[in-house]
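Close look at the chain arrangement
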Amino acid sequence: MGKVNRSQNIFRKSKTTFLKANRRDPDDFNKAGRITSVSYMPDLHVYVDTSGSITEANYQEAVLMLIRIAKKLNVNLYFNSFSHVLSQESLLKVENKSITHIWREFRKVPKVDGGTDYLQIWRHINASAVRTRRLSLVITDFEWSPPSTREDHPVNLYYAPCGAMDWDSMVGSAKSFTKAMKHIDPAIAQRLLGMIA
């Protein structure tokens, strides 16, 4: 997605250069100085399906997967749980924290339950210019049928399967989802991460 002007995901890169004096020995022109540059990558926003078809074990595995990804990238992330209702958006500070501490933070975020509705996520993202610039990820079991009307699918929204579920059933649901989404986004199969649909 490239770099953005400002975000929660700050990357600092340091390099040596002779264009800047060495801080320890500024009079020695043979010693290189250091330049630190700061760049910002797009924020990560995760929507986790907590509808009735998702068990507590599925939810915990999805959250632990998120924690591992966030720890590996060392980034903060925005988080919502959803069913037919979308929870309040939360910023989870993951950067430089232990997995146990991060898990406790996730447990504080309210979970919603009920049916599944992706349309509210699309509208939530499209309603804000800030959210449209984020990399958004829906972790789900793909058990949803899109409306027959034409809807605006967010550009930077991707889907990933929920873990600890029957894989064949999930692949079948993903294939049904991609077929039903053709009138909204013909290239939806390219937005399914870790799936063969």
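Per chain, residues are indexed from 1 in the order of the written sequence. Confidence filtering applies because this is a predicted model: local features only for residues at pLDDT of at least 70, side-chain atom pairs given and counted only at 80 or more, and all residues used for totals across whole chains, interfaces and linings. As a convention, hydrogens and water are excluded, and side-chain values are obtained from all of the structure's heavy atoms.

**Section: the overall build of the chain**
What counts here: Under the scheme used here, helices are H or I runs from DSSP no shorter than 4 residues and strands are E runs no shorter than 2 residues, and both carry numbers assigned from the N terminus. Buried residues are those whose accessible area, probed at 1.4 Å on protein chains only, stays under 20% of the maximum for their type, while exposed residues exceed 50% and partly exposed ones sit between those limits.
Each helix and strand counted, the chain has five helices and seven strands in total. Each helix and strand of the chain, ordered N terminal to C terminal, gives the series β-β-β-α-β-β-α-α-α-β-β-α. Each of the three principal axes of the chain carries a C-alpha extent, and together these read 70 × 35 × 30 Å. Within the chain, buried positions represent 43% of all 197 residues.

**Quick look at the pattern of salt bridges**
Test applied: Basic side-chain nitrogens of Lys or Arg form a salt bridge, by our definition, when they fall within 4 Å of a carboxyl oxygen of Asp or Glu.
Evaluation of the coordinates by the stated rule reveals five salt bridges. Here Arg134 and Glu89 are joined by a salt bridge, their closest N and O atoms 3.3 Å apart. Of this pair, Arg134 sits in the loop between helix H4 (129–132) and strand S6 (135–140) while Glu89 sits in the loop between strand S4 (77–82) and strand S5 (90–92), and the two are 45 residues apart along the sequence. Of the charged contacts, one joins Glu151 and Arg123 as a salt bridge, the two residues approaching to 3.7 Å between their closest N and O atoms. Taken together, the residues Glu151 in the loop between S6 and strand S7 (157–161) and Arg123 in helix H3 (residues 119–126) connect sequence positions 28 residues apart. Residues participating in the shared-partner salt-bridge network are Glu89, Arg131 and Arg134.

**Thoughts on the side chain of Ser87**
The condition is simple: What qualifies as a polar contact is a pair of N or O atoms within 3.5 Å, subject to a donor-acceptor requirement within protein and to the restriction that residues adjacent in sequence count only when both atoms come from side chains. Note on definitions: a residue-residue contact is assigned when non-hydrogen atoms from the two residues lie within 4.5 Å.
Along the chain, Ser87 falls in the loop between S4 and S5. A distance of 2.9 Å separates the side chain of Ser87 from the backbone nitrogen of Ser81, its partner in a polar contact. The contacts of Ser87, once residues within four sequence positions are left out, are Asn80, Ser81, Pro110 and Val112.

**Points about helix H5 (residues 167–180)**
Note the following rule: Expected span of a helix: the number of residues minus one, times 1.5 Å. This arc is built from the directions going out from the helix axis to the C-beta atoms.
In this model, H5 (14 residues) spans 20 Å end to end at C-alpha, consistent with the 20 Å of a helix rising 1.5 Å per residue. Within H5, the full set of buried residues consists of Met170, Val171, Ser173, Ala174, Phe177 and Thr178. Along the axis of H5, the buried positions cluster into a sector of 160°, meaning they face one direction only. When the buried face of H5 is taken as reference, the exposed residues oriented beyond 90 degrees from it are Asp168 and Lys179. Packing partners of the buried residues in H5 comprise S6 and S7.

**Focus on the packing of helix H1 (residues 56–73) against helix H2 (residues 99–108)**
Using the following cut-off: Note on definitions: angles span 0 to 180 degrees between N-to-C directions of axes, and those axes are lines fitted to C-alpha atoms, for helices only across the stretch in contact. We call two directions roughly parallel when the angle between them is under 35 degrees, roughly antiparallel when it is over 145, roughly perpendicular when it lies between 65 and 115, and oblique otherwise. The sense of a crossing depends on the near helix, which, turned anticlockwise from the far helix by less than a right angle, makes the crossing left-handed and, turned clockwise, makes it right-handed. In this classification, the charged set is Asp, Glu, Lys and Arg, the nonpolar set is Ala, Val, Leu, Ile, Met, Phe, Trp, Tyr, Cys and Pro, and all remaining amino acids, among them Gly, are polar.
The interhelical angle for the contact between H1 and H2, taken along N-to-C directions, is 130°, at an axis separation of 11 Å. In this view, H1 runs oblique relative to H2, as classed from their interaxial angle. In terms of crossing hand, the pair formed by H1 and H2 is right-handed. Residues Glu56, Tyr59, Gln60, Val63, Leu64, Leu66, Ile67 and Lys71 of H1 touch H2, and the partners they reach there are Ile99, Ile102, Trp103, Phe106 and Arg107. Broken down by class, the residue content of the contact of H1 with H2 amounts to nine nonpolar, one polar and three charged.

**A short note on the nonpolar core**
The test is simple: Only buried Ala, Val, Leu, Ile, Met, Phe, Trp, Tyr and Cys residues count toward a nonpolar core, and they belong to the same one when joined by side-chain atoms within 4.5 Å.
Of all hydrophobic cores here, the largest spans 21 residues; its most connected members are Val48, Leu77, Phe79, Phe106 and Ile139. Secondary-structure elements contributing two or more residues to this core are strand S3 (44–49), H1, S4, H2 and S6. Broken down by element, the residue count for this core peaks at six residues, all from H1. Counting residues in each nonpolar core, the second largest holds 19 residues, with Tyr118, Ile121, Val138 and Ala174 among its members.

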